[in-house]
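Analysis of the macromolecular model
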Amino acid sequence: MTDKKIKVAWVCQVSNPEIRANLTYSKNIIDLVSRKIMHKPRHLDDYGMWITNSIEEFKAFDDIEVHVISLHSHINKKIIDFQKDGICFHFFKSEDDLTAAGKFFNKLTGKYVSSNYDKNRQIINEILAKIKPDVIHLYGAESPQYAAFALDVDVEKTPLLVSLQTLMSDPEFKKKYPISDESYACRAGLERKILAHAKYLGSTIKEYKNFVWREINPDAIFLDTKLLVGEKPHLERCEKKYDFVYFSLNINKAADLAVEAFAIAKKAYPEIKLLVVGDYDEDFKRQLDARIAELGITESVVITGKLQTHDDVIKEIKKAQFALLPLKIDYISGTIREAIACGLPVVTTITAGTPTLNEKRESVLLSAVGDHGAMAENMIKVMESKELANTLVNNALETNDELFGNKGMALKLREVYWDLFNVYNKK
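In this numbering scheme, every chain counts its residues from 1 along its sequence in written order. Since the coordinates come from a predicted model, pLDDT governs what is reported: local features require at least 70, and pairs of side-chain atoms require 80 or more to be given and counted, while whole-chain, interface and lining totals use all residues. For side-chain calculations, the full set of non-hydrogen atoms in the structure is used, while hydrogens and water are omitted.

Topic: the overall build of the chain
Counted only if it meets this: Runs of E in the DSSP output that reach at least two residues are strands. Runs of H or I that reach at least four are helices, and both are numbered from the N terminus. Here the globule rule is a power law, 2.2 Å times the number of residues to the power 0.38, and the radius of gyration is based on C-alpha atoms. Partly exposed residues are those whose accessible area sits between 20% and 50% of the maximum for their type, while under 20% is buried and over 50% is exposed, using a 1.4 Å probe and protein chains only. Two residues qualify as a contact provided that any one of their heavy atoms is within 4.5 Å of a heavy atom in the partner residue. The charge count includes Lys and Arg as positive and Asp and Glu as negative, but it does not include His or the ends of the chains. One atom stands in for each charge, and that atom is NZ of Lys, CZ of Arg, CG of Asp or CD of Glu.
Across its full length, the chain holds 15 helices and 14 strands. Relative to the globule expectation of 22 Å for 427 residues, the C-alpha radius of gyration of the chain, 22 Å, shows essentially globular dimensions. Among the 427 residues that make up the chain, the fraction classed as buried is 52%. For the chain, contacts bridging at least 24 residues in sequence account for 72% of all contacts bridging at least 6. Separation between the mean location of the 59 positive side-chain charges and that of the 61 negative ones in the chain comes to 4 Å.

Structural data, given as C-alpha cells:
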C-alpha cells in the first residue's frame, strides 16, 4: 500500500432508501395516469444488496475512491451525481425507463428483449471518461441494461474486473431458470462476449471457473473475490403467524417446488400455513394459483407479492417459524443467507453450492431438487424437533459468518484493486 488514493468505478445496479433520498424523480402525468389505469403503481425497490454492503464497508477505506455507476428507474435527469460519506454516485436514466404504457407496448413487441442498450452504453462510457478510474469493476456480465460498455474497455490499458453474479452461459441455467428463449439468447450471448473480452474475472466457484476456462476464455485470470452478501443478524423476536415462508425477488424461481412439498407436509399437519413473498410474472401466478387450488391448499397459502424495501421483506419473513427455500440452479441463494440471519431454520435443496453449508456442521436440511416427498419429510422433521431447529439456527449463524462475513471480503477486494493498479503501473 501507498499514501496514494486510487479511483475504482463500480458499474452495477443498486438502490436503497439512502440512495433514493438523494435522487429526484419524474412527475410525468401521462405515466402516472397510465399506471393508475393499468393498476401498475410506481415501485422504487431495494436492489443489489451486495453493492449496498460493499458501499458500507468501503466508506472506511481512505485509499480507495469509489465511484458507483448505476441505472435507476423514474429519475428526472439523464445523470444525477452526488457524494455521500466519501462515496461518489452517478445514477443514469435507462433508455428503457418508459411510462407504464410504453413498457406494455415494448413487452408486446419484444423490443427490449434483444436491445443492445446503445444509449446506456454511451452514457456509462461518458461517465467513465470523466472519472478516469484506475480500475473498473463490473458486477454482472449477464445484465444487458448496463454491461455492454465492458466491450469498449481497452483491457490492455485499464484493468477490468468482472464479478460473476451468476453464469447464464452454462446450459444448466436455461434448463432450470424460468426465462424466455429470446431473453436467454440476448443475455447469455452478451455474457459470453464480455467474459471472452475481460482478462480478470471474480469468483470462487469452482464450477464457474472450469466452465469459463473450458467453453469461453481459457486465458481468463480468476481472482478469488466474492460478492459482499453477508446479512446482519435480525434476531429480534416477533409474533409468528405462519409455519413456513418461501421468498424470492421473483417467486417464479422455485415457488412451485415449495408449494408441492408444502402440500405433502400439510397432509400430516393440516393446520400449517405457508407465506410466499416476492414479485411474480402474471402467467406464472395464474399457473401457481391453479395448482394451489388443485392441491386443495388455497386457504393455507398467502402470497403477498412484491414488497418495496429489504427491511419490509425481513419484517415479513420473520413472521414465519421456518424457511422453505428450494433452489433449482442457484449456487447458494441470498434468500438462504437472509433466512439464516433472521434465525429461521432452513429447508432447501441440493445444488452445486448448498452442501458447502453443511461441510463443518449441519446448518440446513437438504433434499434432491424435485423430490417433494423428501423435502416434506425435512419440513416435518424440523417442525417436530425443537432441538433440531435450535441446532440448525445456531450452526447456520456460525457458518454464515464464516463464509459470508463482509468485512473480510471487503479487505480482500481492496487488496485486489491495489494489485491490479500496481500490475498496470508496473510498481
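Re the packing of helix H9 (residues 255-268) against helix H13 (residues 372-384)
A packed helix pair is summarised by two numbers, namely the angle formed by the two axes and the spacing between the axes. Our working rule: An axis is simply a line fitted to the C-alpha atoms; with a helix, the fit covers only the stretch in contact. Between two such axes, the angle follows the N-to-C directions and lies from 0 to 180 degrees. Every angle not falling under 35 degrees, over 145, or within 65 to 115 is termed oblique; those three ranges are roughly parallel, roughly antiparallel and roughly perpendicular. Should the near helix be turned anticlockwise from the far one by less than a right angle, the crossing is termed left-handed; should it be turned clockwise, right-handed. Residue type decides the class: Asp, Glu, Lys and Arg count as charged, Ala, Val, Leu, Ile, Met, Phe, Trp, Tyr, Cys and Pro as nonpolar, and the leftover types, Gly among them, as polar.
Their axes nearest at 8 Å, the elements H9 and H13 cross at an angle of 55°. Relative to H13, H9 is oriented oblique. The two elements H9 and H13 cross, and the hand of that crossing is right-handed. Contacts between H9 and H13 involve Leu 257, Glu 260, Ala 261, Phe 262, Ile 264, Ala 265 and Ala 268 from the former and His 372, Gly 373, Met 375, Ala 376, Met 379 and Ile 380 from the latter. Residues belonging to the contact of H9 with H13 are distributed by class as follows: ten nonpolar, two polar and one charged.

Overview of the pattern of salt bridges
Quick reminder of the rule: By definition here, a salt bridge exists when the distance from a side-chain nitrogen of Lys or Arg to a carboxyl oxygen of Asp or Glu is within 4 Å.
Applying the stated rule across the entire model yields 25 salt bridges. The partner of Asp 63 in a salt bridge is Arg 414, with the nearest N and O atoms 3.2 Å apart. Of this pair, Asp 63 sits in the loop between helix H3 (49-58) and strand E2 (64-71) while Arg 414 sits in helix H15 (residues 406-425); the two residues are 351 residues apart in sequence, bridging distant segments of the chain. The same class applies to Asp 63 as to Arg 414, namely buried.

Things to note about the sheet that holds strand E12 (residues 320-325)
Filter applied, for reference: In this scheme, strands are said to pair when DSSP sees at least two bridges between them.
Pairing in this open sheet of six strands is parallel, and the strands run E11-E10-E9-E12-E13-E14 from one edge to the other. Both outer strands of the open sheet, strand E11 (301-305) and strand E14 (365-367), are each paired with one neighbouring strand and no more. For this sheet the average axis-to-axis angle between neighbouring strands, irrespective of direction, equals 20°. Along the sheet, helix H11 (residues 310-317) makes contact with strand E9 (242-250), strand E10 (274-279), E11 and E12, crossing E9 at roughly 160°.

Concerning H9
Under the convention used in this document: Helix span, as expected, comes to 1.5 Å for every residue beyond the first.
Spanning 14 residues, H9 covers 21 Å between terminal C-alpha atoms, matching the ideal 20 Å at 1.5 Å per step. With respect to burial, H9 is a largely interior element, ten of its 14 residues being buried. For H9, the set of buried residues is Ala 255, Leu 257, Ala 258, Val 259, Glu 260, Ala 261, Phe 262, Ala 263, Ala 265 and Lys 266. Those residues of H9 hidden inside the fold are in contact with E9, E10, helix H10 (282-294), E11, E12 and H13.

Remarks on the sheet that holds strand E4 (residues 87-92)
Strand pairing in a sheet is mediated by backbone hydrogen bonds. Such pairs are either parallel or antiparallel. Ordered in space as E3-E4-E2-E1-E5-E6-E7-E8, the eight strands form an open sheet in which the pairing is mixed. In this open sheet, the two edge strands, each paired with only one partner strand, are strand E3 (79-84) and strand E8 (221-223). Recorded for the sheet is a direction-independent mean angle of 25° between the axes of neighbouring strands. Judged from the four bridges that link them, strand E5 (residues 135-139) and strand E6 (residues 160-163) form a sheet pairing that is parallel. Looking across to E6, one finds that Leu 138 is bridged to Val 162. Of the strands in this sheet, strand E1 (6-12), E2, E5, E6, strand E7 (200-202) and E8 are in contact with H15, which crosses E5 at around 135°.

Quick notes on the pairing of E12
Short version of the rule: Viewed with both strands pointing away, a crossover whose connecting path from the first strand over the helix to the second turns clockwise is right-handed.
Judged by how many residues are buried, E12 sits mostly within the fold: five of six residues are covered. Chirality of the crossover, the property in question, places the unit of E12, helix H12 (residues 334-341) and strand E13 (residues 346-349) among those that are right-handed.

What about the nonpolar core?
Here is the rule we go by: In this text, buried Ala, Val, Leu, Ile, Met, Phe, Trp, Tyr and Cys residues form a nonpolar core when linked through side-chain atoms within 4.5 Å.
One finds Trp 10, Phe 58, Val 68, Val 245, Leu 324, Met 379 and Tyr 417 to be the most contacted residues of the largest nonpolar core, which totals 92 residues. Broken down by element, this core gets its largest block of residues, nine residues, from H15.

Quick notes on the environment of Lys 318
As a reminder of what qualifies: Here a polar contact is recorded for every N or O atom pair within 3.5 Å, except that within protein the pair must consist of a potential hydrogen donor and a potential acceptor, and residues adjacent in sequence are included only if both atoms are side-chain atoms.
By the element assignment, Lys 318 lies in the loop between H11 and E12. On the basis of relative accessible area, Lys 318 is assigned to the buried category, the value being 8%. Put simply, Lys 318 and Gly 343 are 25 residues apart on the chain and 8.3 Å apart in space, counted from C-alpha to C-alpha. Once residues lying within four places of it in the same chain are set aside, the contact partners of Lys 318 are His 234, Leu 235, Glu 236, Cys 238, Glu 239, Lys 240 and Cys 342. At 2.6 Å, the side chain of Lys 318 forms a polar contact with the backbone oxygen of Glu 236.

Here we look at the environment of Leu 167
Mapped onto the elements of the fold, Leu 167 is located in the loop between E6 and helix H6 (171-176). Between the C-alpha atom of Leu 167 and that of Ala 188, which follows or precedes it by 21 residues, the distance is 8.2 Å. With residues up to four places along the chain from it excluded, the contact list for Leu 167 reads Phe 173, Glu 191, Leu 195, Tyr 208, Phe 211 and Val 212.

Some details on the state of the cysteines
Applicable threshold: Two cysteine sulfurs form a disulfide in these notes if their separation is within 2.5 Å.
Applying the stated criterion to the full structure yields zero disulfides. With no disulfide of its own, Cys 12 lies 13 Å from the sulfur of Cys 88, the closest cysteine sulfur. You can see Cys 238 has no disulfide; the closest cysteine sulfur is in Cys 342, sitting 8.6 Å from it. What makes Cys 238 partly exposed here is its relative accessible area of 33%.

Examining the packing of aromatic side chains
To keep things clear, this is the line we draw: Classification of ring pairs rests on two measures: the distance between centres of Phe, Tyr or Trp rings, Trp counted by its six-membered ring, which must be within 6.5 Å, and the angle between planes, read as stacked under 30 degrees, edge-to-face over 60 and tilted in between. Remark: a charge is flagged as sitting over a ring if the NZ atom of Lys or the CZ atom of Arg is within 6 Å of the ring centre and within 35 degrees of the ring normal.
Across all of its chains, the model carries twelve aromatic pairs by this definition. Ring plane angle 20° and centroid distance 4.8 Å describe the contact between Phe 82 and Phe 89, whose orientation is recorded as stacked. Among the residues examined, Phe 89 registers a relative accessible area of 3% and is labelled buried. Every member of this aromatic cluster is reached through a ring pair, and the members are Trp 10, Phe 58, Phe 61, Tyr 139 and Tyr 417. If you follow Arg 337 out to its NZ or CZ, it ends over the ring of Phe 404, 5.1 Å from the centre.

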